[in-house]
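This is what each chain is made of:
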Amino acid sequence: MMNPGILFMITINLSLGIVAGFIMHRSDFCVAGMFRDLFLFRRSVMLRSLLLLIVCSTILFDAARQIGLLPLYPFPLLASPSLTNIAGGLIFGIGMVLAGGCVVGTLYKTGSGNLLAATAVAGLIIGSAMYAEIHPWWSALAKKGTFLPGRITLPQALDIDPSVILLPLVAASCFFFFRWSMDGSWPRHSQAEGYLQPWQAAIYLSLLGALSYLLVGMPFGITTAYAKMAAYLELLVVPDHVAQLALFKTANLKYTAPISGLPFEGGAGPALDAIAFIQFPLIGGIVLGAFFSALLLREFNLYYRVPFRQYASAFLGGIILALGSRMTPGCNIWHLFGGLPILAMQSLLFLAGIFPGAWIASVLLARFVLPSR
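Asker: Whenever I open this one, a nonpolar patch on the surface confuses me. Can you help?
Answerer: Taken together, the side chains of L14, L115, L288, F292, L295, F300, L302 and Y304 define a hydrophobic patch exposed on the protein surface, amounting to about 660 Å² of accessible area. Take the nonpolar patch: its biggest share by element is three residues, from helix α12 (residues 274-296). Following the sequence through the fold, Y304 ends up in the loop between α12 and α13 (308-327). For Y304, a relative accessible area of 42% translates into the label partly exposed.

Following this line, the structure appears as structure tokens:
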């Protein structure tokens, strides 16, 4: 019989994933699209919604911290900053725009029947396997580039209470939110049935992220699961090689679950561990949530009639996306929805890298991938 604490973890992550996938599909809340639209079409309405999500998460996380509901602060898997966080963010930015979605965006699009997104998911798994081959070298490079050892967040580095920095940032953001509200910049015009405004989705997703932090012990994160999938697949073909790879032998997640009090441990290796109990249900939930949303709207359709170069871009982008997520380490959901609201320095450096990466990929996309007008 399964341990109740493990069953609780699986149930919570599956439920959160279903709701998140439903919301993302209804609003088309794609972070890759936000950056692509900024550089290709000079549209920033979706990025405003991303900022709203970050600010709402900041308020929720810090309020929970101050009343003692977050014993894990900062949350597990975050580490001291390294210059490689910037490089990983840049590579990630290139990959997510070429793939047509980030590690989560490709999932909810796959759930709605988009085979182009499914191609990117396949690239993510293969790219994760490729990273496993260079992990020792990259890990050593990351250690050399590490600074401020023992400090994870900016408030820790400055030795001050987080609220001293967070409150002014929230206040400044609210000023812009008010201006955008007054000039009607929030709504995104759409005639689609069941469409959810991105600013509404941002609020709902921030609430889900806060629930994940409270109940699971950390916000959303799924990239290690892609490496675990790659490990399982390789195990079928080259089991001896898998046993030798350092990435698959490392248990980088070690923490005590906040609700059950159970000690959890896990990594990228082919084992039923904490990563499997947390991230696999979350992934499955996101796909299912988008699938249910598409069915209810009668929009589910296997969308595959696109030029071959777009499939090639999605597959290559997925590979690059996986490499960037492991090099950072972490994805845009992990850092932007989770790390940035607590001013994790890894996340700040990731953000510094993702902007130029997305710009580079937008140029490549416009020149070589998108159909000519």
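Once the structure has been displayed, the description carries forward.
Asker: I'm lost on the pairing of strand β2 (residues 263-266) in this one. Help?
Answerer: Regular strands show a simple pattern: their side chains alternate between the two faces of the sheet. Here β2 shows a buried face lined by F264 and G266 and an unburied face lined by P263 and E265. Sheet topology note: the strand β1 (residues 253-256)/β2 ladder contains four bridges and is antiparallel. Within β2, the residue paired with Y255 across the bridge is F264.

Asker: Looking at this model, I keep getting lost on the environment of P155. Mind explaining?
Answerer: When you line up the elements, P155 lands in helix α7 (residues 154-158). Exposure remark for P155: the relative accessible area of 3% places this residue in the buried category. Considering only alpha carbons, one finds P155 and M345, 190 residues apart in sequence, at a separation of 9.4 Å. In this structure P155 touches I160, D161, P162, I165, I342 and L343, once residues within four positions along its chain are discounted.

Asker: Sorry if this is basic, but what is going on with the nonpolar core here?
Answerer: The tendency in soluble globular proteins is for nonpolar side chains to be buried as a group. By size, the foremost hydrophobic cluster in this structure holds 96 residues, and its most contacted members are F29, F92, M96, V103, Y255 and F337. Among all residues touching Y255, those that are not within four sequence positions of it are M9, L72, P76, V216, G217, M218, L262, P263, F264 and I278. The next biggest cluster of nonpolar side chains, apart from the first, holds 13 residues, and it includes Y131, W138, I319 and L323.

Asker: How do you make sense of the packing of aromatic side chains when you look at a structure like this?
Answerer: In this description, a pair of aromatic rings is defined by centroid distance and the angle of the planes. One pass over the structure, following the stated rule, counts 15 aromatic pairs. Each ring, one from F35 and one from F355, has its centre 4.9 Å from the other, and the planes form 70°; the classification is edge-to-face. One end of the pair, F35, is in helix α2 (residues 31-41); the other, F355, is in helix α15 (residues 345-369), and 320 residues separate them in sequence. Assessed through its relative accessible area of 1%, F35 is described here as buried. Note on F355: relative accessible area 33%, which makes it partly exposed. Pairing F291 with F300 gives two aromatic rings, centres 5.1 Å apart and planes at 85°, and the pair type is edge-to-face. Taking relative accessible area as the criterion, F291 reaches 28% and is therefore assigned partly exposed. These aromatic residues form a ring-pair network of at least three members: F175, F176, F177, W180 and W186.

Asker: Would you take a moment to explain the packing of helix α4 (residues 84-99) against helix α6 (residues 115-144) for this structure?
Answerer: For any two helices packed against each other, the geometry comes down to the angle between their axes and how far apart the axes lie. As a packed pair, α4 and α6 sit with axes 14 Å apart at the nearest point and diverge in direction by 170°. One element, α4, and the other, α6, form an angle in the roughly antiparallel class. Here the hand of the crossing between α4 and α6 comes out right-handed. Listed contacts from α6 to T84, A87 and A99 of α4 are A120, W138, L141 and A142. Residues belonging to the contact of α4 with α6 are distributed by class as follows: six nonpolar, one polar and no charged.

What counts as what
- Residues numbered from 1 in each chain as written.
- Predicted model: local features only at pLDDT ≥ 70, side-chain atom pairs only at ≥ 80, totals over all residues.
- Heavy atoms only, no water.
- Patch = residues over 30% accessible without salt bridge, like charges linked within 9 Å, V, L, I, M, F, W, Y side chains within 5 Å.
- Areas by Shrake-Rupley, 256 points an atom, 1.4 Å probe, with all protein chains shown as cover.
- Salt bridge = Lys/Arg side-chain N within 4 Å of Asp/Glu carboxyl O.
- Helix = DSSP H or I, 4+ residues; strand = E, 2+ residues; numbered from the N terminus.
- Buried < 20%, exposed > 50% of the residue type's maximum accessible area, 1.4 Å probe, protein only.
- Pairing = 2+ DSSP bridges.
- Contact = heavy atoms within 4.5 Å.
- Core = buried A, V, L, I, M, F, W, Y, C linked by side-chain atoms within 4.5 Å.
- Phe/Tyr/Trp six-rings, centres within 6.5 Å; stacked < 30°, edge-to-face > 60°.
- Axes fitted to C-alpha atoms, helices over the stretch in contact; angles between N-to-C directions.
- Parallel < 35°, antiparallel > 145°, perpendicular 65-115°, else oblique.
- Left-handed = near helix turned anticlockwise from the far one by under 90°.
- Nonpolar A, V, L, I, M, F, W, Y, C, P; charged D, E, K, R; others polar.

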